[in-house]
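# A structural walkthrough
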Amino acid sequence: MDGFLERLMRKKQNSANAAKERLKLVLIHDRTDITPGQMENMKNELLQVISKYVNIDPKTVKIDMAQDGREQRLVADIPIAASSRK
Amino acid sequence: MSAKVVTITSGKGGVGKTTTTANLAVALAQQEQRVVCIDGDIGLRNLDVILGLENRIVYDLVDVIEGRCRLKQAMIRDKRLPELYLIPAAQTRDKSAVSPSDMVRLCDELRNEVDWILVDSPAGIERGFKNALAPADIVLVVTNPEISAVRDADRIVGLIEAEEKGPAKLILNRVNSSLTKRGDMISAEDVLELLAIDLIGIIPEDENVVVASNRGQPVTLSEKAKAGQAFRNIARRLLGEEVPYMNLDEKGGLFDRLSRMIKSGGD
Ligand SMILES: Nc1ncnc2c1ncn2[C@@H]1O[C@H](COP(=O)(O)OP(=O)(O)O)[C@@H](O)[C@H]1O
Ligand SMILES: [Mg+2]
């Protein structure tokens, strides 16, 4: 019996899994017609707007495209730093 | 009874649309269904040679549309089966010789004559694809477990939805179970998860397919070939039967899991 970690490592390395992970990203951008660069710009602009109102730490912010069946959605998790009133 | 129009498409070329059209046509005809298949790949006709009917062509699709012959005159009957016909593509014209509404009109005229109309779509997302899609009641997307084929399939599935012809059903062709087991071919489960559409069939990579096209005798005509069995299963699913997914993997495993997954997922 292979150990769990070994199996996990093999799964990480095999080319089918690499293809799947790459496809996941490519399909998101194909479906939404947003390039990775545009996505980055959108995140930055969003952060600018939000930080006008509340204190946020850009390093803790997560904004990602998620797949839900054939629908895509933007999922944002934006922790607000303490003493956020400006 | 009115025929169902099934369009077989893919986006990418060379994934097995023509092979699938020919074999589904044979499999449906073997089930006593009356079938017409239409080669929608104008300028690059191929369905005729795959079916082995190339020497019997007199008129083609464009001749019918432009009124040079009657519909019946362009329907070549396959003598190996009770009721299987081919309407070949024109070879010396281009896709603009036919419009989507021409295809709708042609299929409507055929609807009362047969049970199934199969339309073999050309590769691409342009005119030929739109022509093939326009008359469809059911759309089958063919792909291979390979990164560029899956990507193109996703694009086509989106376009089919946009044209309100969805949801398309997936045929995963050329599955190599030993490569899959080794982790060097994207699994059927992963393809389904990525594309998020329903599956209607998995066809193994099968050298009999190549032999069959060499001879112009679709692999489904032979009893034993695995690919032929897989095509017969798809035909039965089109006829509304619930057919379990066959075990392509000698040692069991993936395909058992897959069929369980599909059963639990409804449909
Ligand atoms: N399941 C299969 N096993 C082996 N070869 C296949 C299989 N399906 C298709 N092929 C081969 O792949 C090639 C492309 O198939 P074809 O049906 O012409 O694709 P398309 O119509 O999508 O361009 C052909 O040479 C065909 O024989
Ligand atoms: Mg073809």
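Above this text is the structure in question.
Residues numbered from 1 in each chain as written. Chains lettered and ligands numbered in written order. Predicted model: local features only at pLDDT ≥ 70, side-chain atom pairs only at ≥ 80, totals over all residues. Heavy atoms only, no water.

## Re the overall build of chain B
Stated formally: A helix here means a DSSP run of H or I that spans at least four residues, while a strand means a run of E at least two residues long, and both kinds are numbered starting from the N terminus. Each radius of gyration reported is based on C-alpha atoms, and the globular scaling rule is 2.2 Å times the count of residues to the power 0.38. A 1.4 Å probe rolled over the protein chains alone gives each residue an accessible area, and that area as a share of the maximum for its type sets the label: buried under 20%, exposed over 50%, partly exposed in between. Contacts between residues were defined by any pair of non-hydrogen atoms, one from each residue, lying within 4.5 Å. Accessibility throughout is a Shrake-Rupley quantity obtained with a 1.4 Å probe, and a residue counts as covered only by protein chains that appear here. By the counting rule applied here, Lys and Arg register as positive and Asp and Glu as negative, while His and the ends of each chain are not counted. Here the site of a charge means NZ on Lys, CZ on Arg, CG on Asp, or CD on Glu.
For chain B, the helix and strand inventory stands at 11 helices and eight strands. In terms of overall size, chain B behaves like a compact globule, its C-alpha atoms giving a radius of gyration of 18 Å where 267 residues would be expected to give roughly 18 Å. Its C-alpha atoms put chain B at 55 × 40 × 35 Å along the principal axes. When burial is assessed residue by residue, chain B has 57% of its 267 residues classed as buried. Taking as baseline every contact in chain B between residues at least 6 positions apart, the subset at least 24 positions apart corresponds to 75%. Carbon and sulfur atoms provide 45% of the accessible area of chain B, an area that totals close to 11400 Å². Computed over 35 positive and 40 negative side-chain charges, the separation of the two mean positions in chain B equals 3 Å.

## Focus: the site of ligand 1
Residues and elements named next belong to chain B. Using the following cut-off: Being near a molecule or strand, for a residue, comes down to having at least one heavy atom within 4 Å of it. Here a polar contact is recorded for every N or O atom pair within 3.5 Å, except that within protein the pair must consist of a potential hydrogen donor and a potential acceptor, and residues adjacent in sequence are included only if both atoms are side-chain atoms.
Residues in contact with ligand 1 amount to 15 residues; listed here are only the nearest, Gly14, Lys17, Thr18, Thr19 and Asn173. Gly16 places a polar main-chain atom, nitrogen or oxygen, 3.0 Å from an oxygen atom of ligand 1. Lys17 places a side-chain nitrogen or oxygen 2.8 Å from an oxygen atom of ligand 1. Within the complex, the protein chains bury 79% of what would otherwise be the 560 Å² of accessible surface of ligand 1. A per-element tally of the shell around ligand 1 places helix α1 (residues 17-30) first, with three residues.

## Some details on the interface of chain B and chain A
Defined as follows: Buried area is calculated as the accessible area (1.4 Å probe) missing from two parts once they are joined, with the contributions of both summed. Salt bridge, as used here: a side-chain nitrogen of Lys or Arg that lies within 4 Å of a carboxyl oxygen of Asp or Glu.
Contacts between the two partners involve 17 residues from chain B, matched on the other side by 15 residues from chain A. Between chain B and chain A, roughly 1500 Å² of surface is buried when both sides are summed, and carbon and sulfur atoms account for 58% of that area. Three residues, Ile147, Arg151 and Leu194 of chain B, lead the burial of chain B against chain A; their summed loss comes to 39% of the area buried on that side. Summed over the shared surface of chain B and chain A, the number is six salt bridges. Here Arg70 of chain A ties to Glu161 of chain B by a salt bridge, and the two come within 3.2 Å at their closest N and O atoms.

## Re the environment of Arg155 of chain B
Residues and elements named next belong to chain B. Tracing the chain through its elements places Arg155 in helix α6 (residues 147-162). Look at Arg155 and you get partly exposed, because its relative accessible area is 43%. In the structure, Arg155 is positioned 141 residues away from Gly14 in sequence and 16 Å away in space, judged by C-alpha atoms.

## Topic: the pattern of salt bridges
By the definition in use, this model includes 22 salt bridges over all chains. Arg45 of chain B is the salt-bridge partner of Asp48 of chain B, the closest N and O atoms lying 3.4 Å from each other. By relative accessible area, which is 5% here, Asp48 of chain B ends up buried. Residues participating in the shared-partner salt-bridge network are Arg31 and Arg70 of chain A together with Asp154 and Glu161 of chain B.

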